[in-house]
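# Summary of structural features
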Amino acid sequence: MKLFISADIEGTTGIAHWNETEKNHPDWKYFADQMTREVAAACEGAMAAGCEDILIKDAHDSARNLNPRALPECARLLRGWTGAPASMMAGLDESFDGVVFTGYHSAASWNTNPLSHTMNTGNCFVTINGEKASELMINALTAAYYGVPVLCVTGDKGLCDYMKKVNPNVETVPVNEGWGNGVISIHPDLAIRRIREAVQRAVENADKDKCMFPLPEHFVVEICYKLHQRAHSCSYYPGVTQIDERTVRFECDDYMDVLKYFKFILSE
Ligand SMILES: [Zn+2]
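A quick note: this is a predicted structure, and the numbers were derived from the prediction, not measured. (Residues numbered from 1 in each chain as written. Predicted model: local features only at pLDDT ≥ 70, side-chain atom pairs only at ≥ 80, totals over all residues.)

### Structural notes on the overall build of the chain
- Along its length, the chain carries six helices and 12 strands.
- C-alpha extents for the chain along the principal axes are approximately 50 × 40 × 30 Å.
- In the chain, which comprises 268 residues, the proportion classed as buried is 48%.
- In the chain, of all internal contacts separated by at least 6 residues, the share reaching a separation of at least 24 is 67%. (Helix = DSSP H or I, 4+ residues; strand = E, 2+ residues; numbered from the N terminus. Buried ≥ 20, exposed ≤ 12 C-beta atoms within 10 Å, placed from the backbone. Contact = placed C-beta atoms within 7 Å.)

### Looking at unusual backbone geometry
- Here the phi dihedral of S87 falls at roughly 55 degrees; this positive angle occurs in a residue that is not glycine.
- Structurally, S87 can be placed in the loop between strand 3 (75-78) and strand 4 (98-104).
- Positive phi is not limited to glycine here, since N129 has a value of about 50 degrees.
- Looking at the secondary structure, you find N129 in the loop between strand 5 (123-128) and strand 6 (131-132).
- For N129, a count of 11 C-beta atoms within 10 Å puts it in the exposed group.

### So, the sheet that holds strand 9 (residues 182-185)
- Within the open sheet, the seven strands sit side by side as 3-2-1-4-7-8-9. Their pairing is mixed. Sheet topology places strand 3 and strand 9 at the edges, where each strand pairs with a single neighbour. Each strand of the sheet is rotated relative to its neighbour by a mean of 20 degrees, with strand direction disregarded.
- Sheet analysis places strand 1 (residues 2-7) next to strand 4, joined by five bridges and oriented parallel. Bridge assignment links F4 to a residue of strand 4, and that residue is V99.
- Sitting on the sheet, helix 1 (residues 28-48) is in contact with strand 1, strand 2 (53-58), strand 3, strand 4 and strand 7 (150-156), with an inclination near 155 degrees to strand 4.
- Strands strand 1, strand 4 and strand 7 of the sheet are contacted by helix 2 (residues 135-145), whose axis makes an angle of about 165 degrees with strand 4. (Pairing = 2+ DSSP bridges. Axes fitted to C-alpha atoms, helices over the stretch in contact; angles between N-to-C directions.)

### Re helix 6 (residues 255-265)
- Among the residues of helix 6, those classed as buried are Y255, V258, L259, Y261, F262 and I265. Buried residues of helix 6, viewed axially, fall in a sector of 160 degrees; they line one side. Those residues of helix 6 that are exposed and aimed more than 90 degrees away from the buried face are M256 and F264.
- In this structure, the buried residues of helix 6 make contact with helix 2, strand 10 (219-225), helix 5 (228-234) and strand 12 (247-252). (Arc of directions from axis to C-beta.)

### As for the environment of N205
- In this fold, N205 is placed in the loop between helix 4 (188-204) and strand 10.
- N205 gets classed as partly exposed once you count the C-beta atoms within 10 Å, which come to 13.
- For the pair N205 and N169, spaced 36 residues apart in sequence, the C-alpha to C-alpha distance is 9.6 Å.

Shown next, in the form of structure tokens:
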């Protein structure tokens, strides 16, 4: 059993403000610690179910948030950004048996987390085949591209509700509920316990067919930028058409082409 964990921070228990996500801000350390505890809990759950090989992608901002010393010895940690199109999923390939997402958050424009965004804060929303796309959706499609199932998602309730709607077989652990610019969270220790238990269940019951995220055969991707200048600039990417002042459209059949497109026009 080989597990991949992609770890973000904007769905970490209790987080409610951008200051708490920024490495050089004094508010960051508590949430980076809680992020680490949640990843460690996911590892412990997986290990309790017999998993002995884990690759963790630190996938927030600097990609240098997790404390390596607090993670188990069977886990390897990918820090920093490789530059590969898989981005928050760099390191994943066909050899993995499952993916777990921790600390994930609602998509740009969703009202279920004050920190809702998709890849950066420069867009109003990203859609894939007409649906508002979260980072979870983008990265679950990457997992499906490599034939790897999604086993468990932890983060805000809006995102967990979305995951359950797409596939009720995927374990979820909602830790925060967004309310306008505020957040109601469960106790940080309860979150740890629930994450450990959910990942253990998910790995014990891992079923490739039941937990595979649906991968479409054709992709229509639209990005609505906050600034018209960015839409203009991105309209020069090969294959892109600008459909209004702030929106660009890209179409293709191969999901890797979507990831390459995102790498160049959605990653900064
Ligand atoms: Zn993040």
